[in-house]
Amino acid sequence: DTAVSQTPKYLVTQMGNDKSIKCEQNLGHDTMYWYKQDSKKFLKIMFSYNNKELIINETVPNRFSPKSPDKAHLNLHINSLELGDSAVYFCASSQLEGTGELFFGEGSRLTVL
Amino acid sequence: AQSVTQLDSQVPVFEEAPVELRCNYSSSVSVYLFWYVQYPNQGLQLLLKYLSGSTLVKGINGFEAEFNKSQTSFHLRKPSVHISDTAEYFCAVSRTNAGNNRKLIWGLGTSLAVNP
């Protein structure tokens, strides 16, 4: 039973399109995250939600909009995709009152043509 | 503010040789320390963590790390590597007293390539 699952695993799309990535965790955690990993493997936090409330919002273009319908789900919607959005996007979860230890999904590889 | 430096971006090593991946951090407050591993085309998984207590921590797959407070280091070691250890390794820290705003600060990663 996958702890943090995200779909789709691969996305190939044209510039200007809109796409969404979904994430679900069954660990009972109250905090979820979106990370972007570029081609050099650099990890950058994008957003963090605690129990449906946005708590971290790094400098990310407002074309990116996270949505958390409940504390087990955090989706990422991207409008007007650009070439530079090509990356692997990781969903993760943790306990708010924990150590900061993260549990990651398998990643969603987005390629913008 | 905290920062994490992984001193080697790439480490090539032969199979069955020992390996050390270096991680230094800077922080004015006490921290928790983590090593994560990312195998090719996969997500990150926790290798080991230091929270408190013994400074030598053991993780999965035969890895261990030693917390050295005076040198602000948390180097990862394995006495004998396998081809299957080829992966990207990330060091990360979080503040112990961050309250509700704890987030991991990441190093840039070290690519370990184990050759036959």
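Whatever comes next refers back to the structure up there.
Since the structure is predicted, the reported quantities are computational estimates derived from the model, not experimental observations.

As a further point, take the interface of chain A and chain B. Accessible area lost during the coming together of the parts is what is often quoted as the interface size. Across the boundary between the two partners, chain A contributes 23 residues, which contact 22 residues of chain B. Counting each side, the surface lost to burial between chain A and chain B is near 1900 Å², with a carbon and sulfur contribution of 52%. One can count one salt bridge joining chain A with chain B. The salt bridge involving A:Glu101 is made with B:Lys49; its shortest N-O contact spans 2.6 Å. Linking chain A with chain B are four residue pairs in polar contact (both at pLDDT 80 or more), by the criterion used here. Mapped by element, the contributors of at least two residues to the side of chain A that touches chain B are β4 (31–37), β5 (43–50) and β6 (53–57) of chain A. Of all the elements, β4(A) adds the most residues to the side of chain A that touches chain B, at three residues. Class assignment for the residues of the side of chain A that touches chain B results in eleven nonpolar, five polar and seven charged.

Moving on: the state of the cysteines. Using the criterion set out here, one finds two disulfides over all chains in the structure. Paired by a disulfide, A:Cys23 and A:Cys91 hold their sulfur atoms 1.8 Å apart. Taking the sign of the torsion about the S-S bond as the criterion, the disulfide between A:Cys23 and A:Cys91, at about -80 degrees, is left-handed. Taken as a pair, A:Cys23 in strand β3 (residues 19–25) and A:Cys91 in strand β9 (residues 87–94) lie far apart in primary sequence, 68 residues in all. The class for A:Cys23 is buried, based on a relative accessible area of 2%. Through a disulfide, B:Cys23 is tied to B:Cys91; the S-S separation comes to 2.0 Å. On the sign convention where negative means left-handed, the S-S torsion of about -70 degrees between B:Cys23 and B:Cys91 marks this disulfide as left-handed. Separated by 68 residues along the polypeptide, B:Cys23 in strand β4 (residues 23–26) and B:Cys91 in strand β10 (residues 87–95) bring together distant segments of the chain. Taken individually, B:Cys23 and B:Cys91 each receive the classification buried, so the pair is uniform in this respect.

Counting residues in each nonpolar core, the largest one holds 28 residues, and the members touching the most others are B:Trp35, B:Leu48, B:Phe74, B:Leu76 and B:Tyr89. For B:Tyr89, the contacting residues outside a window of four places in its chain are B:Gln6, B:Leu21, B:Trp35, B:Tyr36, B:Val37, B:Leu47, B:Phe63, B:Leu76, B:Gly109, B:Thr110 and B:Leu112. Of all hydrophobic cores here, the second largest spans 20 residues; its members include A:Leu11, A:Leu74, A:Leu81 and A:Cys91.

Further remarks concern the layout of surface pockets. Estimates place the volume of the largest pocket at around 260 Å³. Contributing to the lining of the largest pocket are 19 residues, with A:Gln37, A:Lys41, A:Val88, A:Arg109 and B:Asn41 lying nearest its centre. Those elements that provide at least two residues to the lining of the largest pocket are β9 and β11 (108–112) of chain A. In terms of residue count, β11(A) provides more of the lining of the largest pocket than any other element does, four residues in total. Partitioned by chemical class, the residues of the lining of the largest pocket number five nonpolar, nine polar and five charged.

Conventions used here
- Residues numbered from 1 in each chain as written.
- Chains lettered and ligands numbered in written order.
- Predicted model: local features only at pLDDT ≥ 70, side-chain atom pairs only at ≥ 80, totals over all residues.
- Heavy atoms only, no water.
- Contact = heavy atoms within 4.5 Å.
- Buried area = accessible area lost by both parts, 1.4 Å probe.
- Salt bridge = Lys/Arg side-chain N within 4 Å of Asp/Glu carboxyl O.
- Polar contact = N/O pair within 3.5 Å; in protein donor to acceptor, adjacent residues only side chain to side chain.
- Helix = DSSP H or I, 4+ residues; strand = E, 2+ residues; numbered from the N terminus.
- Nonpolar A, V, L, I, M, F, W, Y, C, P; charged D, E, K, R; others polar.
- Disulfide = S-S within 2.5 Å.
- Buried < 20%, exposed > 50% of the residue type's maximum accessible area, 1.4 Å probe, protein only.
- Core = buried A, V, L, I, M, F, W, Y, C linked by side-chain atoms within 4.5 Å.
- 1 Å grid on protein atoms, 1.4 Å probe; cavity = no way out; pocket = protein on both sides within 12 Å on 5 of 7 lines; lining within 4 Å.
- Points joined across faces, edges and corners; volume = space filled by probe spheres on them.

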